[in-house]
Amino acid sequence: MYAVKLENVSLTFDINKSTTLKDIFLSLWGKKNCYNTLQKRKIAALKEINLELRQGDRLGIIGLNGAGKSTLLKVVAGIYPPTSGNVSVNGRVTCLFELATGFEMEATGWENIYLRGLMLGATPREMKKKALEIAEFSGLGDYLDLPVRHYSSGMFIRLAFSVSTSIEPEILLLDEVVAAGDASFLAKAEKRLKDLMGRVKVLLFVSHNMQSIKDFCNRAIWLDRGKIRAEGLPDDVIKKYLGSINNTDKKRGSVDETNTCVEACI
Ligand SMILES: Nc1ncnc2c1ncn2[C@@H]1O[C@H](COP(=O)(O)OP(=O)(O)OP(=O)(O)O)[C@@H](O)[C@H]1O
């Protein structure tokens, strides 16, 4: 039985860009046609992705900036519906990205611990048992009695990270950039995260750190302009990816370009 299955999944973002003052000046100088006040663009973030993950699969997702890695995680999380294709997920999903979103601003830290825990699939009884441990890990002390609208962004992250990592996920979606609060919190957060990544059954892990991909994953895909360019064992996929970067580097002298497919510009 699969845990995650993507069949021919494509996702295109429609972007409407208003004409700016700069565009108008450029059009006056004949540098740009500015008849349309709204320029329509399509960004093909994912193109015909096929993927099947089972228990024990720990998938590393690599690729240049803009290749579609985070979008892929968001499609699996159900945050973005695909433009075409099918996404099926069997199991409790925990997302460790965009941690600071989804709080009830008028509710206290304690109340948000319960609400988030329930949203992540824990039962009320489980949450009663876990709440104290979560509160302790967050280190937020008396702040937990206040509505979270009084929190700093670092405090949000502490709270969200503490809850999300205390509920045992079946499928863990992780974007490497988990800015987990200040230095004092970061050390214990990293340890907890590594423990969780080590024992979770199904992992989708986006990272630019190739060593982390090798350490935590047993499969990998290289996304290139929204398409899977290579898949297989992490070592092999990383070799292909880094090889292509070196080639591009030699040809162009730099690789700091984005890896996005802007399909149409009307
Ligand atoms: N909400 C959105 N609206 C419009 N375009 C988007 C949106 N989210 C992502 N994109 C576009 O989709 C493409 C893929 O973005 P994505 O964030 O998935 O890339 P990434 O591989 O995660 O990049 P990075 O390594 O820089 O984090 C980019 O061109 C980005 O501009």
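Structure's up top.
Keep in mind that what you see is a predicted model, and the values were worked out from it rather than measured.

**Q** For this particular structure, what's the right way to read the overall build of the chain?
**A** Secondary structure assignment for the chain yields eight helices and 10 strands. Counting every position in the chain, which comprises 266 residues, the buried fraction comes to 33%. Long-range pairs, those at least 24 residues apart, make up 73% of the contacts in the chain between residues at least 6 apart in sequence.

**Q** Help me understand the packing of helix 3 (residues 109-119) against helix 5 (residues 153-164) in this model?
**A** When two helices pack together, their arrangement is given by the angle between the helix axes and by the axis-to-axis distance. Put simply, helix 3 and helix 5 touch, their axes get as near as 10 Å, and they point 40° apart. On the basis of their axis angle, the class for helix 3 and helix 5 is oblique. Here helix 3 and helix 5 pass one another in a crossing that is right-handed. Across from G109, N112, I113, R116 and G117 in helix 3, the residues of helix 5 making contact are L159, A160 and V163. Taken together, the residues of the contact of helix 3 with helix 5 sort by class into four nonpolar, three polar and one charged.

**Q** Where do I start with the nonpolar core in this structure?
**A** Soluble, globular proteins show a tendency: their nonpolar side chains are buried together. Core analysis: the biggest nonpolar cluster contains 60 residues, and L59, I61, L173, L203 and F205 have the highest contact counts within it. Apart from residues no more than four positions distant in its own chain, L203 is found in contact with R58, L59, L172, L174, M197, F216 and C217.

**Q** Honestly, the sheet that holds strand 8 (residues 219-224) in this entry has me stumped. Any pointers?
**A** Backbone-to-backbone hydrogen bonds pair the strands of a sheet. The strands run either parallel or antiparallel. Read from one edge to the other, the open sheet built from six strands follows the order 5-6-7-3-8-9, with strand pairing classed as mixed. The two strands at the open ends of the sheet, each matched to only one other strand, are strand 5 (93-96) and strand 9 (227-232). Each strand axis lies, on average, 15° off the axis of its neighbour in the sheet, ignoring direction. Relative to strand 6 (residues 171-175), strand 5 is paired through four bridges, and the arrangement is parallel. Across the sheet, the residue bridging to L96 is L174, located in strand 6.

**Q** Can you walk me through the environment of A230 in this structure?
**A** Following the sequence through the fold, A230 ends up in strand 9. If near-sequence neighbours (up to four positions away) are discounted, A230 is found in contact with W222, V237 and K240.

Reading the values: rules and limits
Residues numbered from 1 in each chain as written. Predicted model: local features only at pLDDT ≥ 70, side-chain atom pairs only at ≥ 80, totals over all residues. Helix = DSSP H or I, 4+ residues; strand = E, 2+ residues; numbered from the N terminus. Buried ≥ 20, exposed ≤ 12 C-beta atoms within 10 Å, placed from the backbone. Contact = placed C-beta atoms within 7 Å. Axes fitted to C-alpha atoms, helices over the stretch in contact; angles between N-to-C directions. Parallel < 35°, antiparallel > 145°, perpendicular 65-115°, else oblique. Left-handed = near helix turned anticlockwise from the far one by under 90°. Nonpolar A, V, L, I, M, F, W, Y, C, P; charged D, E, K, R; others polar. Core = buried A, V, L, I, M, F, W, Y, C linked by C-beta atoms within 7 Å. Pairing = 2+ DSSP bridges.

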